[in-house]
Amino acid sequence: PAHSAAQSYTLTFPTTAPSSGKALVTDGSGNLSFSSAGGLNLISTSTTSSGVSEIDITSGIDSTYTKYMISIINLHPASDHELRMRVFTGTGGSQAVYTSSDYQYVMHTARVNSSSLIFDSNNGGYDHFPIHSGQYIDSGVANACLNAEIFLHNPADTTFHTHITGTFSLENASDNKMTHGMTASRFKQTTAITGVRFYMGSGNIDNAIIKLYGIS
């Protein structure tokens, strides 16, 4: 503190060297540690290039953060269809993917050469959350793909429904035109979400990079 305050305090540095991209963080009692200074904190990366029926993230989603971001990069399907998502509930041996009809969603989509905004929604009764709807990813073009950012809002909370929001872009299967949209979903249970599953409505995922981040 300033000398005029006639006060002092001690800051104790950590005994180990930091890894790349870390900053000094205090615990409020003068003890310093190397940690993320805030923002996006990478938790895990899932990669496939050989064709899989689904990609699961079953760890890293808990009460550590109140918001998580999932980045889907260059996803290419084996056949024309939509990417879907389900959530996992429970932990350990009781963790399981949730397949009951408690997913509600709404989305807006715009496409190149289309003068209208496409609106789609479901009032409940769906057993999954569509990342996009009505606009299939073009599997016939080798370099066509989907990219998206999906946000899980306080998934560990058991008082309120978990909201899932995001944006996406893809090359449409009907004419290979660029398509962009915004989507939001509600998991109509007050059960903690502990994981997510991504899968195609039909066929495999041929290529994808999926990153899970905690937002601090």
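Since the structure is predicted, the reported quantities are computational estimates derived from the model, not experimental observations.

Parameters at a glance
- Residues numbered from 1 in each chain as written.
- Predicted model: local features only at pLDDT ≥ 70, side-chain atom pairs only at ≥ 80, totals over all residues.
- Heavy atoms only, no water.
- Pairing = 2+ DSSP bridges.
- Helix = DSSP H or I, 4+ residues; strand = E, 2+ residues; numbered from the N terminus.
- Axes fitted to C-alpha atoms, helices over the stretch in contact; angles between N-to-C directions.
- Salt bridge = Lys/Arg side-chain N within 4 Å of Asp/Glu carboxyl O.
- Buried < 20%, exposed > 50% of the residue type's maximum accessible area, 1.4 Å probe, protein only.
- Polar contact = N/O pair within 3.5 Å; in protein donor to acceptor, adjacent residues only side chain to side chain.
- Contact = heavy atoms within 4.5 Å.

Caption draft 1: Spotlight on the sheet that holds strand 5 (residues 67-77). Across the sheet, eight strands lie side by side as 3-15-5-11-12-13-8-9; this open sheet has antiparallel pairing. Where the open sheet ends on each side, the last strands, each with one partner, are strand 3 (40-48) and strand 9 (118-126). With direction set aside, neighbouring strand axes in the sheet form an average angle of 15 degrees. In the sheet, strand 12 (residues 162-171) pairs with strand 13 (residues 178-187) via 10 bridges, with the strands oriented antiparallel. Directly across from T165, in strand 13, lies its bridge partner A184.

Caption draft 2: Inspection of the pattern of salt bridges at higher detail. Tallying each qualifying case throughout the model produces four salt bridges. Where R84 meets E82, a salt bridge forms, and the shortest distance between an N and an O atom there is 2.8 Å. For D175, the salt bridge is made with R111, and the minimal N-O distance between the two is 3.8 Å. Here R111 lies in strand 8 (residues 103-111) and D175 lies in the loop between strand 12 and strand 13, a separation of 64 residues in the sequence.

Caption draft 3: Spotlight on the pairing of strand 13. What you see with strand 13 is a clean split: T179, G181, T183, S185 and F187 sit on the buried side and M178, H180, M182, A184 and R186 on the side with no burial. Direction of pairing for strand 8 relative to strand 13: antiparallel, over a ladder of nine bridges. Paired with T109 across the two strands is G181, which belongs to strand 13. The loop that links strand 12 with its antiparallel partner strand 13 comprises six residues; one of these, N176, has a positive phi angle of about 60 degrees.

Caption draft 4: Molecular detail of the side chain of S139. Take S139: it is sitting in the loop between strand 10 (129-130) and strand 11 (146-153). Polar side-chain contacts of S139 include one of 2.6 Å to the side chain of D80. Apart from the residues within four sequence positions on either side, S139 is in contact with H76, P77, A78, S79 and D80.

Function-wise, these values are silent; they only describe arrangement.
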